[in-house]
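A look at the structure
Each chain, letter by letter, is given below.
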Amino acid sequence: MKTHKTRLIKIGKDIVIGGKEVQIMAGPCTVENYKYTKRSAHACKQAGAKILRGGAYKLRTIPGTFNGLGEKGLKILRKIADEEKMAVVTEVIDVRDIDLVSKYANILQVGERNMQNTVLLEALGKTKIPILLKRGQSAQISELLYAAEYIARKGNKNIILCERGIRTFEKDTRATLALASVPLIKEMCDYPVIVDPSHSTGKPSLIAAMSKAAIAAGADGLIIEVHPEPKKALCDGFQALVPGEFAKLMRELKPVAKAVGRKL
Ligand code: PEP
Ligand code: MN
């Protein structure tokens, strides 16, 4: 089947997702404080990432665990991103937060848990802000594309899809990275596709191999968790790369991108 020409999603003035350049989104899982977020962001930028990730609103599986700093976290994220000249991607979990989060973010992330929250999707469709739509861990590819259509039908076609792994019988990895979705989605629609090697593996030791494979498979970007002190992280520290590992990965990805006609 023919592959669609990828739609270009402009982020701010000088970042494009879906073009020749593979875009890297990196940073902590969650904004915990200024210090850790700054150390992560600075290291990610130095290594070549242009987009800072970090959650201020977190949907947690276990009640009572840290669920983000809310607007305080958004302010920290924006301040640091401006200092480092980066764009911001952060999750929105509730329709009522869309206006607020949009004041601080360049890309609004819909997490895997909300992929089929059609009320949220339609509300995001009424905005113009780019949306990073993550595949639900139990969602089929066609269901991910229907979710994107919920957004697009309301007028917002600035959509980036994200393969972040699905739930299977396998338990030695956090999820199962379904990499065939990358070239398949490109046969089915024109939205850029990025890959999350952090949540799909849950293991820092697997992130480099899966990142290289993702770029070889045609991914338009990666979203990777990086934390300066993973053992002290309040969320997902077990899967975070430390800054040195991330910098090494970025160096290793360059020749892979070049080999498939991309730039990094
Ligand atoms: C995240 O990116 O921090 C996250 C919670 O991802 P997902 O929704 O894919 O689990
Ligand atoms: Mn996380």
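The model shown is predicted, which means the values in this text are computed figures rather than measured ones.

Definitions and cut-offs
- Residues numbered from 1 in each chain as written.
- Chains lettered and ligands numbered in written order.
- Predicted model: local features only at pLDDT ≥ 70, side-chain atom pairs only at ≥ 80, totals over all residues.
- Heavy atoms only, no water.
- Helix = DSSP H or I, 4+ residues; strand = E, 2+ residues; numbered from the N terminus.
- Rg over C-alpha atoms; globule rule 2.2 N^0.38 Å.
- Buried < 20%, exposed > 50% of the residue type's maximum accessible area, 1.4 Å probe, protein only.
- Contact = heavy atoms within 4.5 Å.
- Areas by Shrake-Rupley, 256 points an atom, 1.4 Å probe, with all protein chains shown as cover.
- Lys, Arg positive; Asp, Glu negative; His and termini not counted.
- Charge placed at Lys NZ, Arg CZ, Asp CG, Glu CD.
- Salt bridge = Lys/Arg side-chain N within 4 Å of Asp/Glu carboxyl O.
- Polar contact = N/O pair within 3.5 Å; in protein donor to acceptor, adjacent residues only side chain to side chain.
- Donors = N, O, S within 2.8 Å, 3.2 Å for Na, K, Ca; no water.
- Near = heavy atom within 4 Å.
- Nonpolar A, V, L, I, M, F, W, Y, C, P; charged D, E, K, R; others polar.
- Core = buried A, V, L, I, M, F, W, Y, C linked by side-chain atoms within 4.5 Å.

1. Topic: the overall build of the protein
When you go through the protein residue by residue, the secondary structure sums to 9 helices and 10 strands. Computed over its C-alpha atoms, the radius of gyration of the protein comes to 17 Å, within 12% of the 18 Å expected for a compact globule of 264 residues. Along the first, second and third principal axes, the C-alpha atoms of the protein reach 50 × 45 × 40 Å. By residue count, 55% of the 264 residues in the protein fall in the buried class. Of all intrachain contacts in the protein linking residues separated by at least 6 positions in sequence, the fraction that spans at least 24 positions is 70%. In the form shown here, the protein has an accessible surface area of approximately 11,800 Å², with 54% of it arising from carbon and sulfur atoms. Here the protein contributes 44 positive and 27 negative side-chain charges, whose respective centroids are spaced 4 Å apart.

2. Some words on the pattern of salt bridges
Scanning the model with the defined rule gives 20 salt bridges in all. A salt bridge links Lys79 to Glu83; the shortest N-O distance between them is 2.6 Å. Here Lys79 and its partner Glu83 are both found in helix 2 (residues 71–84), 4 residues apart, which amounts to about one turn of the helix. Classification of Lys79 as partly exposed rests on a relative accessible area of 45%. Judged by relative accessible area, Glu83 falls into the partly exposed class, the value being 33%. Connected through shared salt-bridge partners, Lys38, Lys79, Glu83 and Glu84 make up one network.

3. A closer look at the side chain of His227
Along the polypeptide, His227 turns up in the loop between strand 10 (221–225) and helix 9 (243–259). The class for His227 is buried, based on a relative accessible area of 3%. Here the side chain of His227 touches Glu229 through a polar contact of 2.9 Å, landing on its backbone nitrogen. Not counting the four nearest positions on each side in its chain, His227 is found in contact with Pro28, Glu32, Tyr36, Ser40, Ala233, Ala240, Leu241, Val242 and Pro243.

4. Concerning the coordination of the manganese ion (ligand 2)
In the first shell of the manganese ion (ligand 2), the protein supplies Cys29 (SG), His199 (NE2), Glu225 (OE) and Asp236 (OD), at 2.0 to 2.4 Å from the metal. Going along the chain, you hit the donors of the manganese ion (ligand 2) in the pattern C-x169-H-x25-E-x10-D. Taken as a pair, His199 in helix 7 (residues 197–201) and Asp236 in the loop between strand 10 and helix 9 lie far apart in primary sequence, 37 residues in all. Comparing His199 with Asp236 shows no difference in burial state: the two are buried.

5. Topic: the site of ligand 1
What surrounds ligand 1 is the set Cys29, Arg53, Lys58, Glu91, Gln109, Gly111, Glu112, Lys134, Arg164, His199 and Glu225. Interatomic distance of 2.8 Å between a side-chain N/O atom of Lys58 and an oxygen atom of ligand 1. At 2.9 Å from an oxygen atom of ligand 1 is found a side-chain nitrogen or oxygen belonging to Lys134. Looking at the shell around ligand 1 residue by residue, the classes come out as 1 nonpolar, 3 polar and 7 charged.

6. Observations concerning the nonpolar core
By size, the foremost hydrophobic cluster in this structure holds 65 residues, and its most contacted members are Leu108, Leu133, Leu161 and Phe246. Here this core gets 7 residues from one element, more than from any other, and that element is helix 5 (residues 141–152). If we ignore the near neighbours within four places in the chain, the residues touching Leu108 are Thr90, Val92, Ile98, Val101, Ser102, Leu124, Ile129, Pro130, Ile131 and Leu132.

Purely spatial values, then, with no claim about function.
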